[in-house]
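Chains, contacts and geometry: an overview
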Amino acid sequence: MSVNIDLAFSVTGVSGESQAWEVVRALEELLREESLILQVSLGVAVDDDGAYFVSGESDFPLGISRFYLWRPHFEGLFAATVAEVSTDASAKVQWGYPDEEY
């Protein structure tokens, strides 16, 4: 059984713009491997304090089969992918359940 899921994430604590783009490239590869690259937008931005960060979100709800099994798998890969680029960065994944919101 599949469920509709909204995916959003942020990566803070990167050392600057070049490292933020390294994180983007690494996450693009992860999203490609998980067959989500065409469904998730991501990029680099600057917060009010001038710190660079990476953020992304699904463009529309994702239909994920066996989400309860896939979620910890994806979250682990996401954290490991970010840690490979920067051990100081903090990765946060947020899930939304659009079917419950209507």
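All of the points below concern the structure found in this document. All of these numbers come straight from a predicted model, not from anything done at the bench.

Parameters at a glance
- Residues numbered from 1 in each chain as written.
- Predicted model: local features only at pLDDT ≥ 70, side-chain atom pairs only at ≥ 80, totals over all residues.
- Heavy atoms only, no water.
- Helix = DSSP H or I, 4+ residues; strand = E, 2+ residues; numbered from the N terminus.
- Buried < 20%, exposed > 50% of the residue type's maximum accessible area, 1.4 Å probe, protein only.
- Areas by Shrake-Rupley, 256 points an atom, 1.4 Å probe, with all protein chains shown as cover.
- Contact = heavy atoms within 4.5 Å.
- Core = buried A, V, L, I, M, F, W, Y, C linked by side-chain atoms within 4.5 Å.
- Phe/Tyr/Trp six-rings, centres within 6.5 Å; stacked < 30°, edge-to-face > 60°.
- Salt bridge = Lys/Arg side-chain N within 4 Å of Asp/Glu carboxyl O.

1. Some points on the overall build of the protein
Scanning the protein for helices and strands turns up 3 helices and 5 strands. Reading the secondary structure of the protein in the N-to-C direction produces β-α-β-β-β-α-β-α. Expressed as lengths along the three principal axes of its C-alpha atoms, the size of the protein is roughly 40 × 25 × 20 Å. A burial count over the protein gives 33% of its 102 residues as buried. Summing over all exposed atoms, the protein offers an accessible surface of approximately 6,100 Å²; the carbon and sulfur share of this is 48%.

2. Here's the deal with the environment of Met1
Tracing the backbone through its elements, the reader meets Met1 in the segment before β1 (2–12). Discounting chain neighbours no more than four positions away, the residues touching Met1 are Ile64, Ser65 and Arg66.

3. Describing the nonpolar core
Residues Leu7, Val11, Leu27, Phe74, Phe78 and Trp95 are the most contacted members of the largest nonpolar core, which totals 24 residues. Elements with a minimum of two residues in this core: β1, α1 (17–33), β4 (62–65), α2 (67–85) and β5 (90–96). If one sorts the elements of this core by residue count, α1 sits on top with 6 residues. With near-sequence residues (within four places) excluded, Val11 lies in contact with Val23, Leu27, Phe53, Val54, Phe78, Val82, Ala89, Ser90 and Ala91.

4. Re the side chain of Thr81
Note that Thr81 resides in helix α2. In this structure Thr81 comes out as buried when scored by relative accessible area, which is 13%. Apart from the residues lying within four places of it in its own chain, the contact partners of Thr81 are Ala26, Leu27 and Leu30.

5. Quick notes on the packing of aromatic side chains
For the structure on display, the rule yields 8 aromatic pairs. An aromatic cluster is defined as three or more aromatic residues linked by ring pairs; in this entry it consists of Phe9, Phe67, Trp70, Phe74, Phe78, Trp95 and Tyr97.

6. What about the pattern of salt bridges?
Scanning the model with the defined rule gives 2 salt bridges in all. Note that Arg32 and Glu29 form a salt bridge whose closest N and O atoms lie 3.1 Å from each other. Of the two residues, Arg32 and Glu29 both sit in helix α1, 3 residues apart, roughly one turn of that helix. For Arg32, a relative accessible area of 45% translates into the label partly exposed. We classify Glu29 as partly exposed; its relative accessible area is 37%. The shortest N-O distance in the salt bridge between Arg71 and Glu75 comes to 3.0 Å. Placement of the pair is Arg71 and Glu75 together in helix α2, with a separation of 4 residues, close to one helical turn.

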